[in-house]
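# Tertiary structure, described
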Amino acid sequence: MLKLCVVGKDVSASQSPRMHGFILRELGAECIYDNISLPREKFEARMKELFSEYDAVNVTIPYKADVIPLIKELAGDAPAFGAVNTVLCKSLAGYNTDGYGFLLMLKNAGVEIAGKSVLVLGAGGAGRSCIKKLLDGGAKPFVYERDGARLHAVCDEFAGAVPLDKVPYRPFDILLNCTGIGMHATVGQTPAVRFEDGERPADNRLLSLCETAVDLIYEPAQSEFLRIADSLGKKTVNGGSMLFYQAYAADCIYLQREPSAEEAEGLWKKYQEKTK
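Residues numbered from 1 in each chain as written. Predicted model: local features only at pLDDT ≥ 70, side-chain atom pairs only at ≥ 80, totals over all residues. Heavy atoms only, no water.

The next subject is the overall build of the protein chain. For the protein chain, the count of helices and strands is 10 helices and 14 strands. For the protein chain, the C-alpha radius of gyration of 18 Å lies close to 19 Å, the compact-globule estimate for 276 residues. Here the protein chain holds 276 residues, and the buried ones make up 50% of them. Of the contacts made within the protein chain by residues no fewer than 6 positions apart, 61% connect residues no fewer than 24 positions apart. Accessible surface for the protein chain amounts to roughly 12,200 Å². Of this, 49% is attributable to carbon and sulfur atoms. In the protein chain, which carries 32 positive and 36 negative side-chain charges, the distance between the mean positions of the two groups comes to 1 Å. (Helix = DSSP H or I, 4+ residues; strand = E, 2+ residues; numbered from the N terminus. Rg over C-alpha atoms; globule rule 2.2 N^0.38 Å. Buried < 20%, exposed > 50% of the residue type's maximum accessible area, 1.4 Å probe, protein only. Contact = heavy atoms within 4.5 Å. Areas by Shrake-Rupley, 256 points an atom, 1.4 Å probe, with all protein chains shown as cover. Lys, Arg positive; Asp, Glu negative; His and termini not counted. Charge placed at Lys NZ, Arg CZ, Asp CG, Glu CD.)

A few words now on the sheet that holds strand β6 (residues 93-95). Pairing within the open sheet is mixed, and its 6 strands lie in the order β2-β1-β3-β5-β6-β4. Either end of the sheet is taken by a strand with one partner, and the two such strands are β2 (31-37) and β4 (73-74). Sheet topology note: the strand β1 (residues 2-8)/β2 ladder contains 7 bridges and is parallel. When the sheet's bridge partners are listed, Leu-2 is paired in β2 with Cys-31. (Pairing = 2+ DSSP bridges.)

Attention shifts here to the nonpolar core. Grouped together as the largest cluster of nonpolar side chains are 40 residues, with contacts concentrated most on Phe-102, Met-105, Leu-176 and Phe-244. Sorting the residues of this core by element identifies α1 (16-26), α4 (98-108), β7 (117-121), α5 (125-136), α6 (148-157), β10 (172-177), α9 (240-255) and α10 (261-274) as the ones contributing at least two each. No other element matches α9, which puts 7 residues into this core. Beyond its immediate stretch of four places on either side in the chain, Met-105 contacts Val-214, Leu-216, Val-237, Asn-238, Gly-239, Ser-241, Met-242 and Tyr-245. One finds Leu-70, Ile-71, Cys-89 and Leu-92 within the second-largest nonpolar core, a separate group that totals 20 residues. (Core = buried A, V, L, I, M, F, W, Y, C linked by side-chain atoms within 4.5 Å.)

The omega torsion of the bond from Ile-61 to Pro-62 falls at 5°, within 30 degrees of zero and hence cis. Here Pro-62 lies in the loop between β3 (56-59) and β4. For Leu-92, which is not glycine, the phi torsion reads 55° and is therefore positive. Under the relative-accessibility criterion, Leu-92 is labelled buried at 15%. Unusually for a residue other than glycine, His-184 sits at a positive phi of about 50°. Mapped onto the fold, His-184 is located in the loop between β10 and β11 (192-195).

A few words on the packing of α9 against α10. Any two packed helices are characterised by how steeply their axes cross, that is the angle between the axes, and by the distance between the axes. Where α9 contacts α10, the axes come no closer than 10 Å and their chain directions differ by 125°. By the angle class used here, α9 and α10 are oblique. Crossing hand, α9 versus α10: right-handed. Here Gly-240, Ser-241, Phe-244, Tyr-245 and Tyr-248 of α9 come into contact with α10, specifically with Glu-263, Ala-264, Glu-265, Leu-267, Trp-268 and Tyr-271. Grouping the amino acids of the contact of α9 with α10 by side-chain chemistry returns 7 nonpolar, 2 polar and 2 charged. (Axes fitted to C-alpha atoms, helices over the stretch in contact; angles between N-to-C directions. Parallel < 35°, antiparallel > 145°, perpendicular 65-115°, else oblique. Left-handed = near helix turned anticlockwise from the far one by under 90°. Nonpolar A, V, L, I, M, F, W, Y, C, P; charged D, E, K, R; others polar.)

What follows covers empty space enclosed by the protein. With the rule as written, the count across this model stands at 1 cavity of 30 Å³ or more. Here the largest cavity is characterised by a volume of approximately 30 Å³. Taken together, Phe-102, Leu-106, Ile-113, Val-118, Leu-134, Ile-174, Leu-176 and Val-214 make up the full set of residues lining the largest cavity. Contributions of two or more residues to the lining of the largest cavity are made by α4 and β10. Class assignment of the residues belonging to the lining of the largest cavity gives a composition of 8 nonpolar, no polar and no charged. (1 Å grid on protein atoms, 1.4 Å probe; cavity = no way out; pocket = protein on both sides within 12 Å on 5 of 7 lines; lining within 4 Å. Points joined across faces, edges and corners; volume = space filled by probe spheres on them.)

On to the packing of α1 against α10, then. Viewed as axis vectors pointing N to C, α1 and α10 meet at an angle of 120°, and their least axial separation amounts to 11 Å. It follows from the interaxial angle that α1 and α10 lie oblique. When the axes of α1 and α10 are compared, the crossing they make is right-handed. Residues Arg-18, Met-19, Phe-22, Ile-23 and Glu-26 of α1 form the contact with α10, whose participating residues are Leu-267, Trp-268, Lys-270, Tyr-271 and Lys-274. For the contact of α1 with α10, a count of residues per class yields 6 nonpolar, no polar and 4 charged.

Have a look at this one:
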């Protein structure tokens, strides 16, 4: 029986326990899975305790970078992303499965990225992972981030990413919201964006310029960002399957088995049917 948990600032409504429990049962294992919400001032001390209490810990917003000084090794995509979402407690090895989940979400939604222009809103932990995977997949990411230092640091690190201090009104194949705006206390909102003619929320005018809108938010199922895109007849993708696929990849790490895109897609379809 694996003893697992997810840690974040507020994970009281996290779907992780249900997802990981379902995936692990389907893969022939059982788990106890807890939600642990921590304020920043208690994060470091409590994490050190959790490493001795659990077999593995999943880490989510806003602690994916904060956990790195507390572990011994970065593995898989974690060194390139500079963020960790999965820690094996015995070895204190940290992994990041977000990129796997992101690419598989797009692939199974029929969204091609090779040769496509992508406007990425947000260059935090999730944005970094997506930017790296977009570049690996042959896309051209244009990155908008309100924090100028973060913006230029990320684009300097990932050659090929284009930093935008202001977003031009021009066509992009894909618009990708990595900001987290639209969930929790910001439900009904879209990210604030600085345009050439002033700052305003991402709006009809911007979303009309894309073919596909992707939001990493999974709750609500249709964020305001996606609602606007849908009203304009655009293809929309929410982050539910990404959350599931990154959880599947983490569970494969726990069980020391190779992940399979086909198996992951089959499990996602089965999970959706089960949770309707």
